[in-house]
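Summary of structural features
So you can see what is in the structure, the chains are spelled out below.
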Amino acid sequence: MVHYQRYLQLRKGVTVATYVDEEDACVHMSGCNKKPKPKLVFFLMLCTLLSFCLILAPHLLPFPTPTLSLLYPSACDHEAVSDSKINVCSSLSNGTICCDRSSIRSDVCVMKGDIRTHSSSFSVFLYSSKNSGAGDEQFQQEKIRPYTRKWEASTMATIDELTLIAKNTNASGDQHKCDVNHDVPAVFFSTGGYTGNVYHEFNDGLIPLYITSQKYNKKVVFVILEYHDWWITKYANILTHLSDFEPIDFSGDRRTHCFSESIVGLRIHDELTVDSSLMEGSKTIKDFRDILDKGYKPRIQGLIQEEERENTEVKNPIKLVGESEKPKLVIISRNGSRAIMNEDILVKMASKIGFSVTVLKPQRTSELAKIYRELNSSDVMVGVHGAAMTHFLFMKPGSVFIQVVPLGTTWAAETYYGEPAKKLGLRYIGYEILPRESSLYEEYESNDPVLRDPNSVNDRGWDFTKKIYLDRQKVRLNLSRFRKRLVRSYIYTMKKRNGMVRSQ
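The structure presented is a predicted model; accordingly, all values stated were derived computationally and were not measured.

1. So, the overall build of the protein chain
Scanning the protein chain from N- to C-terminus turns up 17 helices and 15 strands. Buried positions account for 47% of the 504 residues belonging to the protein chain. When contacts within the protein chain are restricted to residue pairs at least 6 apart in sequence, those whose partners lie at least 24 apart make up 75%. Carbon and sulfur atoms form 51% of the exposed surface of the protein chain, whose accessible area is close to 26,100 Å².

2. A look at the sheet that holds strand E14 (residues 400–405)
In space, the five strands of this open sheet follow the order E12-E11-E13-E14-E15, with parallel pairing throughout. Every other strand in the sheet has two partners, leaving strand E12 (356–360) and strand E15 (427–432) as the edge strands with one partner each. This sheet shows a mean twist of 20° between the axes of neighbouring strands, independent of strand direction. Pairing of E14 with E15, which is carried by six bridges, proceeds in the parallel orientation. Of the residues in E15, the one forming a bridge with Val404 is Tyr431. Helix H13 (residues 410–424) contacts E14 and E15 of the sheet and is inclined by roughly 175° relative to E14. Against the sheet, helix H17 (residues 479–497) touches strand E11 (328–332), strand E13 (380–384), E14 and E15, its axis set at about 175° to E15.

3. A word on the pairing of strand E3 (residues 123–128)
E3 sits mainly inside the fold: six of its six residues count as buried. A two-sided burial pattern is seen for E3, the buried positions comprising Ser123, Phe125 and Tyr127 on one face and Val124, Leu126 and Ser128 on the other. In this antiparallel pair of consecutive strands, strand E2 (residues 108–118) and E3, the connection spans four residues, and Phe122 shows a positive phi of 50°.

4. A look at the state of the cysteines
For the coordinates displayed, the defined rule picks out three disulfides. The partner cysteine of Cys89 in its disulfide is Cys98, sulfur to sulfur 2.1 Å. Every disulfide takes its handedness from the sign of the S-S torsion; for Cys89 and Cys98 that torsion is -80°, giving left-handed. Of the two residues, Cys89 and Cys98, neither departs from the other in class, the shared state being buried. Through a disulfide, Cys99 is tied to Cys109; the S-S separation comes to 2.0 Å. Disulfide Cys99-Cys109: torsion about the S-S bond near 110°, hence right-handed. Of the two residues, Cys99 is situated in strand E1 (residues 96–100) and Cys109 in strand E2; the sequence distance between them amounts to 10 residues. Look at Cys109 and you get buried, because its relative accessible area is 0%.

5. Concerning helix H12 (residues 368–376)
Listed as buried for H12 are Leu368, Ala369, Ile371, Tyr372, Leu375 and Asn376. Down the axis of H12, the buried side of the element spans an arc of 160°, and every buried residue falls inside it. In this fold, the buried residues of H12 make contact with helix H8 (229–234), helix H10 (285–313), E11, E12 and E13.

6. With respect to the side chain of Gln473
Tracing the backbone shows Gln473 in the loop between helix H16 (462–470) and H17. A distance of 3.0 Å separates a polar atom in the side chain of Gln473 from the backbone nitrogen of Leu407. Of the polar contacts made by the side chain of Gln473, one reaches the side chain of Ser438; its length is 2.9 Å. Ignoring anything within four residues of it in the chain, the contact list for Gln473 reads Ser337, Arg338, Pro406, Leu407, Ile433, Ser438, Ser439, Leu440 and Ile468.

7. A closer look at empty space enclosed by the protein
By rolling a water-sized probe across the atoms, one finds the places where empty space is left. Taken as a whole, this structure holds one cavity of 30 Å³ or more when the rule is applied. In this model, the largest cavity occupies a volume close to 70 Å³. Taken together, Tyr147, Phe189, Ser190, Thr191, Thr195, His200, Glu201, Asp204, Gly205 and Trp231 make up the full set of residues lining the largest cavity. Contributing elements (two or more residues each) for the lining of the largest cavity: strand E7 (186–190) and helix H7 (198–213).

8. Some points on the confidence of the model for the protein chain
Summing up the model confidence of the protein chain, the mean pLDDT is 84 and the portion of residues at 70 or higher is 78%. Counted against residues more than four places away or in other chains, residues 4–41, with its pLDDT under 50, gives 40 contacts. Between residues 52–83, whose pLDDT stays under 50, and residues either more than four places distant or in other chains, the model counts 33 contacts.

9. Topic: the packing of aromatic side chains
Evaluation of the coordinates by the stated rule reveals 21 aromatic pairs. Aromatic pair Tyr296 and Tyr372: ring centres 5.1 Å apart, planes at 40°, arrangement tilted. On the criterion of sequence distance, the pair formed by Tyr296 in helix H10 and Tyr372 in helix H12 is long-range, its members being 76 residues apart. The exposure class assigned to Tyr296 is buried, which follows from its relative accessible area of 1%. Between the aromatic rings of Phe355 and Tyr490, the centroid separation amounts to 5.4 Å while the plane-to-plane angle is 85°, which identifies the pairing as edge-to-face.

10. A closer look at the pairing of strand E10 (residues 257–264)
Successive side chains on a regular strand alternate, one facing one side of the sheet and the next facing the other. Across the eight residues that make up E10, a large majority, six, are buried. In this structure, E2 lies alongside E10, joined through six bridges in antiparallel fashion. Bridged to Lys112 within E10 is Glu261. Relative to E10, strand E6 (residues 180–181) runs parallel, the two sharing two bridges. By the bridge assignment for E10, Val180 is matched with His257. By the bridge criterion, three bridges tie E7 to E10 in an arrangement that is parallel. Its bridge partner lying in E10, Val187 is registered against Ile263.

How each quantity is defined
The residue numbering used here restarts from 1 in each chain and proceeds along that chain's sequence as written. Confidence filtering applies because this is a predicted model: local features only for residues at pLDDT of at least 70, side-chain atom pairs given and counted only at 80 or more, and all residues used for totals across whole chains, interfaces and linings. The side-chain values count all of the structure's non-hydrogen atoms but skip hydrogen atoms and water molecules. Helix and strand labels come from DSSP, where a helix needs a run of H or I of at least four residues and a strand needs a run of E of at least two; each type is numbered from the N terminus. Relative accessibility thresholds used throughout: buried, under 20% of the residue-type maximum; exposed, over 50%; partly exposed, between the two (1.4 Å probe, protein chains only). Working rule for contacts: check all heavy atoms of both residues, and any pair within 4.5 Å makes them a contact. Areas reported as accessible are Shrake-Rupley estimates using a 1.4 Å probe. Residue values count occlusion only from the protein chains shown. Each pair of strands is called paired provided DSSP finds at least two bridges between the two strands. Orientation is described by axes fitted as lines to C-alpha atoms, over the contacting stretch for helices, and by angles from 0 to 180 degrees between their N-to-C directions. Working definition: a disulfide is two cysteine sulfur atoms within 2.5 Å of each other. For this quantity, the arc is that covered by the directions from the helix axis to the C-beta atoms. Any pair of nitrogen or oxygen atoms within 3.5 Å is treated as a polar contact; in protein, a donor-acceptor pairing is required on top of that, and neighbouring residues in sequence qualify only through side-chain atoms on both sides. Here a cavity is any set of points on a 1 Å grid over the protein atoms alone where a 1.4 Å probe fits but cannot get out, and a pocket is any open set with protein on both sides within 12 Å along at least 5 of 7 lines; a residue lines the site when it has an atom within 4 Å of a point. Grid points are joined across faces, edges and corners, and a volume is the space filled by probe spheres set on the points. Each residue carries a pLDDT score, the predictor's confidence in it, ranging from 0 to 100. Planes of paired rings set the category: under 30 degrees apart is stacked, over 60 is edge-to-face and the rest tilted, where pairs are Phe, Tyr or Trp rings (Trp by its six-membered ring) whose centres lie within 6.5 Å.

Below, the structure is given as structure tokens:
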């Protein structure tokens with residue numbers, strides 16, 4: 001399940017300035033027909049003056065001031081702040097800590113010089129001699145939680161916080177003698193938060209890790225807070241193509257690791273994507289997918305060899321003639337909420353159209369190389385909105401992705417999977433179900449807002465969205481209606497095979 005409730009604010013937007021006319025004011029104030037008293041006039045003037053000062057403060061004061069736009073992200077803030085093309089820490093001298101806190105999604109700090117870890121105090125020290133006249137006091141301190149959901153206060157509260165401290169080389173305190181010297185930079189990040197959910201593992205972790213580290217061309221060490229052995233094992237095929245070195249468990253490894261450069265925190269662009277305008281070499285999400293392809297290829301080749309050996313041991317193996325020539329359709333199957341209740345009939349219908357159909361049921365323990373193999377070789381993927389749709393990243397550009405969109409999930413389905421799929425080069429089809437195709441149709445009257453106006457229900461809060469549309473809703477497809485999408489996809493696939501469609 002994707003935790004997208006926080007982004008409902010992004011969709012709706014937030015108005016920072018409030019304009020109140022006299023009629024509106026009458027709703028909340030008494031004596032609206034009376035002339036304003038001097039005290040009231042003075043009060044209003046004072047409020048106006050204070051508002052004016054707050055607006056000018058960021059431009060007049062030498063230190064940063066919090067703004068409402070950072071507390072309540074709107075769509076405009078998201079585009080302007082998160083995707084800023086200005087890297088404030090691009091030029092950094094030795095002995096310096098620079099933190100870019102302009103993004104609404106994550107903070108990123110850069111350190112250069114004599115950098116030393118101190119895991120027991122959750123600190124990273126930077127020693128410098130350029131402020132040697134300042135005594136033995138530290139001259140800079142920054143705190144950062146290196147996770148990419150900065151706007152979610154409740155989530156960030158669970159992330160370990162690092163303290164970055166710049167001190168004088170001649171300080172009288174312990175300088176933490178180096179146990180391990182590294183001649184390559186470090187990238188510090190956390191695998192806490194929503195790790196365990198495949199959408200968040202890619203969106204909040206792996207893609208930002210690629211964005212942040214790819215410029216080092218694998219000559220970088222990953223230092224991980226809230227380290228999980230299972231996460232390292234699960235994504236080893238990807239991590240080995242991002243770094244030539246073993247990752248470090250920050251809390252578990254008590255040795256002092258020393259670096260000359262480090263990035264603390266990950267940069268993130270947008271949902272499941274890479275913005276080429278912000279990348280060295282104009283890298284895109286397709287380049288990230290190439291990493292997946294390289295990572296899983298050896299394991300897939302091994303699986304094929306295992307199957308070939310098994311087939312040679314079977315006498316008179318049955319081969320389905322022409323089966324491999326059919327376009328391949330993969331259905332991502334769900335159990336429980338948002339399951340397709342007539343999935344078996346859907347499979348039969350797709351087969352009659354001409355597809356070779358595979359039903360895939362990803363689990364948390366599923367080997368990703370096997371899922372990658374199925375989807376990388378598929379022509380069409382069909383699935384109901386949910387975290388498993390993240391696997392569209394495993395499809396080749398030019399393939400078809402049909403997302404079944406349950407009631408109340410239209411915006412999220414398009415934002416988190418539809419738009420990113422298009423950026424990857426997939427032919428995306430969003431199939432928004434009708435009220436009669438939802439199991440909720442049997443629970444509510446036809447004119448109930450749950451069926452008639454899902455947006456009004458979503459506006460009541462995340463709890464309502466989750467309880468009604470995500471946890472209790474199943475889908476019974478109108479197969480005659482859905483069939484049109486499958487036929488269209490089949491025709492497109494056959495034209496592509498015959499060279500009648502330009503490659504993405």
